[in-house]
Amino acid sequence: MRRKILVVEDDHALRDVLLRGLREEEFDPLPAPDGATALRLASGELAAAVLDVGLPDADGRDVCQALRAGGLTFPVIFLTAHHRLTDRLSGFSAGGDDYLPKPFHLAELAARLRAAIKRASPAHTTTAVGDVRLDAVRHRCTVGDTELALTPTEFRLLAVLMAASGDVVRRRDLVRAAWPEGARVNDNTLDQYLTRLRRKLREAGSTRGIGTARGIGHRLT
Ligand code: CA
C-alpha cells in the first residue's frame, strides 16, 4: 500500500516536482498550498508530512505545533530556505522530526521520509537532560513525576537549551528559536521568560537550572 504523505508547499512549481517525485518513489502525496489547508487535510491516516517553513498564511513551525497539539504524531520533515542551526533547533522544538534545506534532491527527501517513518515510535519523541524530560510530540515537560505547565515559548526556550547539552546558547539565538521570525523581543522580555522557566524548574524540584554567561548567553546547568 502506498503511504500517504501530506505535502505543504506554496510554491507551485516545487509542489508539482514534489508530487511527481514522491509518486515515482511509491508514495501517495496529498498536496496543500498553505497552513490552513494542511490543518484541514491532516489526519491519523498520514504516514508523514513534508512541511515548508515559509508559508503564505503561517510559519510552518506553528503549523507543526498545531498538528501536535491536535494529537497527530506522524513524522514531519521541514523544508526551508534557511540552514542556520537555530532554525533547525526551532524546527525540532516545534515537534519536527527532520529538516532539509532547499535546494535538495528528491531521492534524499524520499530516503529521509522512509527513515523518519521507520523511526516513528514513542521511544524517539522524548529527550532528557538530567531529571528534565521533554516530549516533543505531546508537548510535555516533566521533572520526575511532576509535569511542568509551560507556555509554547517557554517550551521552545527549554528545548533549545537542552539541545545544546550544557553549552552556552547566545541570547539572540534563543530569541530566534523561541519566537516567530521578525518578532520584537527585548532583553527584558527574554529575561522574564528565563526567570519564569527557572522558577518552574525549581518548584518542580529539578536539579537543573539555567545559568548566565554574562554578555554572551545562557546554558542549562
Ligand atoms: Ca514557501
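Remember, predicted model here, so these are calculated numbers, not experimental data.

**Some thoughts on the pattern of salt bridges**
Opposite charge on two side chains lets them pair, provided their charged atoms get close.
Line of reasoning, step 1. Following the criterion strictly, the structure yields 17 salt bridges and no others.
Line of reasoning, step 2. We note a salt bridge from D52 to K102, for which the minimum N-O separation is 3.1 Å. Of this pair, D52 sits in strand β3 (residues 48–52) while K102 is found in the loop between β5 (98–101) and α5 (106–119), placing the two residues 50 residues apart along the sequence.
Line of reasoning, step 3. R171 is the partner of D191 in a salt bridge, and the nearest nitrogen-oxygen pair spans 3.0 Å. Placement of the pair is D191 in helix α8 (residues 187–203) and R171 in helix α7 (residues 171–178), with a sequence separation of 20 residues.

**Considering the nonpolar core**
Line of reasoning, step 1. Core analysis: the biggest nonpolar cluster contains 30 residues, and L157 and L158 have the highest contact counts within it.
Line of reasoning, step 2. Contributing elements (two or more residues each) for this core: β7 (132–135), β8 (140–143), α6 (152–163), α7 and α8.
Line of reasoning, step 3. Sorting elements by how many residues they give to this core places α6 first, with 7 residues.
Line of reasoning, step 4. Those residues in contact with L158, other than ones at most four positions away along the chain, are V132, L134, C141, L150, L197, L201 and L220.

**Focus: the side chain of R15**
Line of reasoning, step 1. Tracing the backbone shows R15 in helix α1 (residues 12–24).
Line of reasoning, step 2. When residues no more than four places from it in sequence are discounted, the contact partners of R15 are E9, D10, P31, A32 and P33.

**Structural notes on the coordination of the calcium ion**
Line of reasoning, step 1. The protein atoms donating to the calcium ion are D10 (OD), D52 (OD) and G54 (O), with metal-donor distances spanning 2.2 to 2.4 Å.
Line of reasoning, step 2. Each donor residue of the calcium ion lies on the same chain, and together they follow the pattern D-x41-D-x1-G. Taken together, the residues span a long stretch of sequence, with D10 in the loop between β1 (3–8) and α1 and G54 in the loop between β3 and α3 (60–69) at a distance of 44 residues.
Line of reasoning, step 3. Using a relative accessible area of 30% as the deciding quantity, one classes D10 as partly exposed.

**Observations regarding the sheet that holds strand β6 (residues 126–129)**
Line of reasoning, step 1. Here we have 4 strands laid out as an open sheet, ordered β6-β7-β8-β9, and antiparallel in their pairing. With one partner strand each, in any of the chains shown, β6 and β9 (146–148) form the two edges of the open sheet. Mean inter-strand twist for the sheet, computed between neighbouring axes without regard to direction, equals 25°.
Line of reasoning, step 2. Taken strand by strand, α6 contacts β6, β7 and β8, and its axis lies near 115° from that of β7.

**Description of the domain arrangement of the chain**
Line of reasoning, step 1. Split by domain assignment, the chain resolves into domain 1 (3–119) and domain 2 (126–220).
Line of reasoning, step 2. The gap between the C-alpha centroids of domain 1 and domain 2 is 26 Å.
Line of reasoning, step 3. Between domain 1 and domain 2, the residue contacts involve 12 residues of the former and 13 residues of the latter.
Line of reasoning, step 4. By the criterion of area lost to domain 2, the three top residues of domain 1 are Q65, T86 and S93, representing 38% of everything that side buries.
Line of reasoning, step 5. Linking domain 1 with domain 2 are 1 residue pair in polar contact (both at pLDDT 80 or more), by the criterion used here.
Line of reasoning, step 6. Mapped by element, the contributors of at least two residues to the side of domain 1 that touches domain 2 are α3 and α4 (85–93).
Line of reasoning, step 7. Per-element accounting of the side of domain 1 that touches domain 2 gives the leading share, 5 residues, to α4.

**A few points about the environment of L174**
Line of reasoning, step 1. By the element assignment, L174 lies in helix α7.
Line of reasoning, step 2. Given the relative accessible area of 0%, L174 is considered buried.
Line of reasoning, step 3. The spatial distance from the C-alpha of L174 to the C-alpha of S90 is 9.2 Å, given a sequence separation of 84 residues.
Line of reasoning, step 4. Ignoring sequence-local partners within four residues, the contact set of L174 consists of L157, V160, L161, V169, W179, L190 and H218.

How each quantity is defined
- Residues numbered from 1 in each chain as written.
- Predicted model: local features only at pLDDT ≥ 70, side-chain atom pairs only at ≥ 80, totals over all residues.
- Heavy atoms only, no water.
- Salt bridge = Lys/Arg side-chain N within 4 Å of Asp/Glu carboxyl O.
- Helix = DSSP H or I, 4+ residues; strand = E, 2+ residues; numbered from the N terminus.
- Core = buried A, V, L, I, M, F, W, Y, C linked by side-chain atoms within 4.5 Å.
- Buried < 20%, exposed > 50% of the residue type's maximum accessible area, 1.4 Å probe, protein only.
- Contact = heavy atoms within 4.5 Å.
- Donors = N, O, S within 2.8 Å, 3.2 Å for Na, K, Ca; no water.
- Pairing = 2+ DSSP bridges.
- Axes fitted to C-alpha atoms, helices over the stretch in contact; angles between N-to-C directions.
- Domains from an automatic or database assignment.
- Buried area = accessible area lost by both parts, 1.4 Å probe.
- Polar contact = N/O pair within 3.5 Å; in protein donor to acceptor, adjacent residues only side chain to side chain.

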